[in-house]
Amino acid sequence: MKKTEEKTKKISITSPFSTKARKTERTAVAVLMHWMRNIIKDKGIELGMPDVETIGDDRKMPDAVIYESRKSQNILCVIEVKPPYYDVFNEKELKEPARKKATTRKAKYFAVTNFKRLIWYNTEKVNSIKPEEEQIVEKYLLSEIENLDNLEHTKYSESIKRELESFLLKLYNVYSGKESEPKLAVDEFLVFRLQEKINRLSVYYNRIIEDYCGKDPSFYSKIKRWFLEQNWSFTGQIEELEKVARQTAYLLVNKILFYNLLYAKRPQELDILKIDDGITRGSLLQKILQAYFEDALNIDYETIFTTDFIDNIAFPKEKEVVEEIKDLIKILNRYDFSTLGYDVIGKIFEKLIPFKERHNLGQYFTNSNVVDLILSFCLNHEDDILFDPSCGAGTFLVRAYQHKKLLNQRLSHEEILETLWGTDIAKFPAHLATINLAINDLGVDKNYPNILQEDFFTLLAGREGFEPEKWRKARAKTLGVDVREIYYPRWFDAIVGNPPYTRQEEISKISPDDAEYKNKLIEKALLDVNGERLASIGKRAGIYTYFFVHGTKFLKDKGFFGFIVSNSWLDVEYGKELQKFFLENYKIIAIIESKIERWFEEADINTCVVILQKCRDEVERNENYVRFVYLKKPLEDFIPPAGDTWEMQVKRFQAVKEFKKTILAHINFYENEDFRIFPKKQKELWEEGYNIDEKMYAGEKWGKYIRAPEIFFKILKKGKDKFIPLKSIAEIRRGFT
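The rules behind the values
- All residue numbers refer to positions counted from 1 along the written sequence of the respective chain.
- Restriction of local features to residues with pLDDT of at least 70 applies here, the model being predicted, together with a cutoff of 80 or more for giving and counting side-chain atom pairs; totals for whole chains, interfaces and linings are based on all residues.
- Each side-chain value is worked out from all heavy atoms of the structure, with water and hydrogens disregarded.
- Only DSSP runs of H or I covering at least 4 residues are called helices, and only runs of E covering at least 2 are called strands; the numbering of each starts at the N terminus.
- When a residue's accessible area, from a 1.4 Å probe over protein chains only, is under 20% of the maximum for its type it is buried; when over 50% it is exposed; and in between it is partly exposed.
- Contacts are assigned to residue pairs that have any heavy atoms within 4.5 Å of one another.
- Each pair of aromatic rings taken from Phe, Tyr and Trp, with Trp reduced to its six-membered ring, is defined by centres within 6.5 Å and is described as stacked if the planes are under 30 degrees apart, edge-to-face if over 60, and tilted in the remaining cases.
- Whether a charge sits over a ring depends on NZ of Lys or CZ of Arg being within 6 Å of the ring centre and within 35 degrees of the ring normal.
- We treat two strands as partners when DSSP finds at least two bridges between them.
- Whenever a helix is involved, its axis is fitted only over the stretch in contact; in every case the axis is a line through C-alpha atoms, and angles between N-to-C directions fall within 0 to 180 degrees.
- In what follows, salt bridge is the name for a side-chain nitrogen of Lys or Arg lying within 4 Å of a carboxyl oxygen of Asp or Glu.
- Each residue after the first adds 1.5 Å to the expected span of a helix.
- Each residue carries a pLDDT score, the predictor's own confidence in it, on a scale running from 0 to 100.
- For this analysis, a nonpolar core means a set of buried residues of the types Ala, Val, Leu, Ile, Met, Phe, Trp, Tyr and Cys, connected via side-chain atoms within 4.5 Å.
- When charges are counted, Lys and Arg contribute as positive and Asp and Glu as negative, whereas His and the chain ends are disregarded.
- Each patch is built from residues that are more than 30% exposed by relative accessible area and take part in no salt bridge. Like charges join if they lie within 9 Å; nonpolar side chains (Val, Leu, Ile, Met, Phe, Trp, Tyr) join within 5 Å.
- Surface exposure here means Shrake-Rupley accessible area, sampled with a 1.4 Å probe, where a residue is shielded only by the protein chains that are shown.
- If an angle is under 35 degrees, it is roughly parallel; if it is over 145, roughly antiparallel; if it lies from 65 to 115, roughly perpendicular; otherwise it is oblique.
- Each crossing is labelled by how the near helix is turned from the far one, with a counterclockwise turn of less than a right angle marking it left-handed and a clockwise turn marking it right-handed.
- Classification used: nonpolar for Ala, Val, Leu, Ile, Met, Phe, Trp, Tyr, Cys and Pro, charged for Asp, Glu, Lys and Arg, polar for all others including Gly.

A. A look at the overall build of the protein. On a plain count of helices and strands, the protein comes out with 30 helices and 19 strands. Within the protein, the proportion of its 737 residues that are buried is 55%. Counting contacts in the protein only where the partners sit at least 6 residues apart, residues at least 24 apart contribute 72% of the total.

Given below as structure tokens:
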């Protein structure tokens, strides 16, 4: 009962649309001062004790003041406090009152806080109207509290105390001259400002979405439909609605930020983005912003500026949301992006989504060590045309860009982009992939990443390779023929990625309305251009198996395939068809597993890296050695960390290449304390899995070549004339699992 009451309180009290003072605000300030007093005392910080000052000459009473020392009556810092639903950057209610009180009291500093964030200002620099990032001495992330009744809960109090201690120590050290005032880099500050705006918009959007879902069945259906389009299951849980709210906020901020960048590059083609102060309706604001975005679409960037259902959520009727968006635009208008530096802008985009948030947004960023290992096998020349059919936020494509740049520093940004292609079924990852590639060089005019929001299985390949009709139509929406000629590759030199691992049989649970269509589409992926079946894969198989088969149609002969997938196919029934498909169409270069680290973010998924080379020559395939590799140490022990310096990048690049050479150097069993390599001729794998009686490939458990101890194979070799298959003396049937 107690938990229910707490939850009810939270919902009723934290309404972002309310500007009424909380009756617990003064009590909360007293708690805050009590904590600061204890910190100063316990840590021996030589500052005066925080206190509530009596009303001064300005007849204004600060929430708290900190004196220069225990004996001094000179105020060092004024602190203004508001409840969590206030924007910590609110000029009218926080910053300006604090500035005035600090100026009147000749306080060198002032700070504002909403119990979630604390911003420490230099009073003189604020009064001198310095750029905002110069006014701020430091910022502190206190907590994510929404309800002040929970202030003394350990979940919030411990982090607040920890950050207050950092603030008080830094305040004393700077005031006493032991440290100089910190300087905020402009990219760090802008990222912080934008993230705060995203946080505030998300709170509004989340409440609006919850409200609409409860009142409007058609809206709830649209939300559900949107989830299914992302290939996500939907149960209506609060966490799922929060995911929608966060994506809505990120998409809007990214669009406005990217538009400002384009305006800086093309002021002759675009207008500066400004919104009249009198605009108060969300529908009107949406029309005005979309008009700006349409102008950007005339240049390109369809995956960034086109709209879908959740874009409409960004512009509700509530005035408070409209004001937040207008404030966001004003923040960005303070900066001249043409002089800010494209490297700085690139860092802003890179840092905008914190790593811990990516999972919450449904984005799974593949471990860069795994990505670089796969690319070391598959990307062999600067001219190689590479395709990621489930590109997500573009990790493989971005790393491929860096690999190409290391191969030839003289390659231009445009030249590299023309060789990198990606598609994703969902808008948000396609949006991120476009940005993540574009920011590699924001200084060029022709900055058009080849990213398409599309279901990979709807793309067609014929006898002459890739049939890019859908891609051509998508481009035709935004570009005239004489604006930019686009070269569409018929074949790709390499296909890489981290495809979905959902089972086909689970589609009916994730998307029951689309199950029949999806299943037909996926089944069609198993057919060649003549309608003949390339492979017979059961519905228990992960969707990634169909990516292998369909992807083969786009890969040129001698081209490389590199995926990280679930390792279950190595030993289960449905895996035999994938084994057969590989043996008949590819040289299997390597299958790599790790004994001690998982490469998927989900803890219950064991993975392997599969490296293939397309090969039509049966003799060549049969003579190929398959390297089954078992890593006993994490990849970071073989691959140096990625770094910003040229030397670190080269060192990492060379180390990955050397590790690849080590794997390929062995044609006999080899094991040390770092890894184990079991080479096996492809012809032998075929013979082991071939059923002579049924005259067909029946499959074999390949996992043993990775995980079984060496003694296992010695016993098999010595007893090869004494062992017979169990199926030859007994009927074997599948049991219940």
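Anyway, onward from the coordinates.
B. Structural view of the packing of aromatic side chains. Per the stated rule, a full pass over the model turns up 44 aromatic pairs. Seen from their ring centres, Phe-258 and Tyr-301 are 5.1 Å apart, and the 65° between their planes marks the pair as edge-to-face. Placement of the pair is Phe-258 in helix H9 (residues 238-265) and Tyr-301 in the loop between helix H10 (282-297) and helix H11 (302-305), with a sequence separation of 43 residues. Considered together, Phe-258 and Tyr-301 belong to a single accessibility category, that of buried residues. For the pair Tyr-301 and Tyr-448, a centre-to-centre distance of 5.9 Å together with 45° between the ring planes defines the contact as tilted. Of the two residues, Tyr-301 sits in the loop between H10 and H11 while Tyr-448 sits in the loop between helix H20 (427-438) and strand S8 (450-453), which places them 147 residues apart along the sequence. Residue classification places Tyr-448 among the buried residues on the basis of a relative accessible area of 10%. The rings of Phe-548, Phe-561, Phe-563, Trp-569, Phe-581, Phe-582, Tyr-586, Phe-628, Phe-669, Phe-678, Trp-702 and Tyr-705 are connected pair by pair, giving a single aromatic cluster. In this arrangement the basic side chain of Lys-139 is found over the ring face of Phe-192, its NZ or CZ atom lying 5.0 Å from the centre. The positively charged end of Arg-193 is found above the aromatic ring belonging to Phe-89, 3.8 Å away from the centroid.

C. Representation of the sheet that holds strand S17 (residues 675-681) within the structure. What the 10 strands build is an open sheet, ordered S8-S7-S6-S11-S12-S14-S13-S15-S17-S16; its pairing is mixed. Each end of this open sheet is capped by a strand with a single partner; those strands are S8 and strand S16 (670-671). Here strand S7 (residues 420-424) pairs with S8 via four bridges, running parallel. What sits directly across from Asp-424, in S8, is Gln-453. Of the strands in this sheet, strand S6 (386-388), S7, S8, strand S11 (492-497) and strand S12 (555-566) are in contact with helix H18 (residues 395-407), which crosses S7 at around 175°. Sitting on the sheet, H20 touches S7 and S8, and the angle it makes with S8 is about 170°.

D. Region of the structure containing the sheet that holds strand S1 (residues 64-67). One open sheet accounts for five strands, arranged S1-S2-S3-S4-S5; its pairing is mixed. Each edge of the open sheet carries a strand with a single partner, namely S1 and strand S5 (136-141). The sheet shows a mean angle of 15° between the axes of neighbouring strands, direction not considered. Where strand S3 (residues 109-113) meets strand S4 (residues 117-122), five bridges bridge the pair, whose relative direction is antiparallel. Residue pairing for S4: Thr-113 is matched across the bridge by Leu-118.

E. Representation of the pattern of salt bridges in the model. Following the criterion strictly, the structure yields 40 salt bridges and no others. Here Asp-571 makes a salt bridge to Arg-707, at a shortest N to O gap of 3.2 Å. Separated by 136 residues along the polypeptide, Asp-571 in the loop between S12 and helix H25 (575-585) and Arg-707 in helix H29 (residues 704-707) bring together distant segments of the chain. For Asp-571, a relative accessible area of 21% gives the class partly exposed. Among the salt bridges present, the one from Glu-620 reaches Lys-587, with a minimum N-O distance of 3.0 Å. In this pair, Glu-620 is assigned in helix H26 (residues 618-623) and Lys-587 in strand S13 (residues 586-594), connecting sequence segments 33 residues apart. The exposure class assigned to Lys-587 is buried, which follows from its relative accessible area of 14%. Through salt bridges with shared partners, a single ionic network connects Asp-87, Lys-197, Arg-200, Glu-324 and Asp-327.

F. Main features of H20. An ideal rise of 1.5 Å per residue puts 16 Å on 12 residues; H20 measures up with 17 Å between its terminal C-alpha atoms. Counting buried residues in H20 gives 12 out of 12 residues, a clear majority hidden from the surface. Listed in full, the buried residues belonging to H20 are Lys-427, Phe-428, Pro-429, Ala-430, His-431, Leu-432, Ala-433, Thr-434, Ile-435, Asn-436, Leu-437 and Ala-438.

G. Region of interest: the confidence of the model for the protein. Of all residues in the protein, 84% attain a pLDDT of 70 or more, and the chain-wide mean is 84. The element-level mean pLDDT for the protein is lowest in helix H1 (residues 2-13), coming to 36, with strand S15 (residues 625-631) highest at 97. Across residues 1-23, where pLDDT falls below 50, the model places 37 contacts with residues more than four positions away in sequence or in other chains. In the model, residues 471-484 has pLDDT below 50 throughout and makes 31 contacts with residues more than four positions away in sequence or in other chains.

H. Spotlight on the nonpolar core. Counting residues in each nonpolar core, the largest one holds 93 residues, and the members touching the most others are Tyr-205, Ile-223, Ile-256, Phe-258, Leu-289, Phe-305 and Ile-325. Here the element with the most residues in this core is H9; it accounts for 15 residues. The residues touching Ile-256, leaving out its near neighbours within four places in the chain, are Leu-273, Leu-289, Phe-293, Ile-325, Leu-328, Ile-329 and Leu-332. Within the second largest apolar cluster, 50 residues are counted, among which are Phe-387, Phe-466, Ala-535 and Phe-547.

I. Main features of the pairing of S5. Burial within S5 is extensive, with five of its six residues counted as buried. Two strands pair when backbone bridges link them, and S4 and S5 are joined in this way by five bridges, in the antiparallel orientation. Among the inter-strand pairings, Ile-119 is bridged to a residue of S5, identified as Lys-139.

J. The arrangement of the side chain of Lys-657 in detail. As for its position among the elements, Lys-657 is in helix H27 (residues 646-664). Put simply, Lys-657 is tucked away with no salt bridge, and the nearest opposite charge, on Asp-384, sits 8.3 Å away. Once residues within four sequence positions are removed from consideration, Lys-657 is found in contact with Ser-376 and Leu-379.

K. Inspection of the environment of Phe-669 at higher detail. Within the secondary structure layout, Phe-669 lies in the loop between H27 and S16. You can call Phe-669 partly exposed: its relative accessible area is 29%. With 11 residues separating them along the chain, Phe-669 and Lys-680 place their C-alpha atoms 8.8 Å apart. Residues in contact with Phe-669, not counting those within four places in the same chain, are Arg-676, Ile-677, Phe-678, Pro-679 and Glu-710.

L. Local environment of a nonpolar patch on the surface. A cluster of nonpolar residues, Ile-711, Phe-712 and Ile-715, forms a patch on the protein surface that exposes about 270 Å² of accessible area. Turning to its location among the elements, Ile-715 is positioned in helix H30 (residues 710-718).

M. Local environment of the packing of helix H7 (residues 186-215) against H9. As a packed pair, H7 and H9 sit with axes 8 Å apart at the nearest point and diverge in direction by 135°. When the axis of H7 is compared with that of H9, the two are oblique. H9 is crossed by H7, and the crossing has right-handed handedness. Across from Leu-194, Ile-198, Asn-199, Leu-201, Ser-202, Tyr-205, Asn-206, Ile-209, Glu-210 and Cys-213 in H7, the residues of H9 making contact are Ile-238, Leu-241, Glu-242, Val-244, Ala-245, Arg-246, Thr-248, Ala-249, Tyr-250, Leu-252, Val-253 and Leu-257. Class assignment for the residues of the contact of H7 with H9 results in 15 nonpolar, four polar and three charged.

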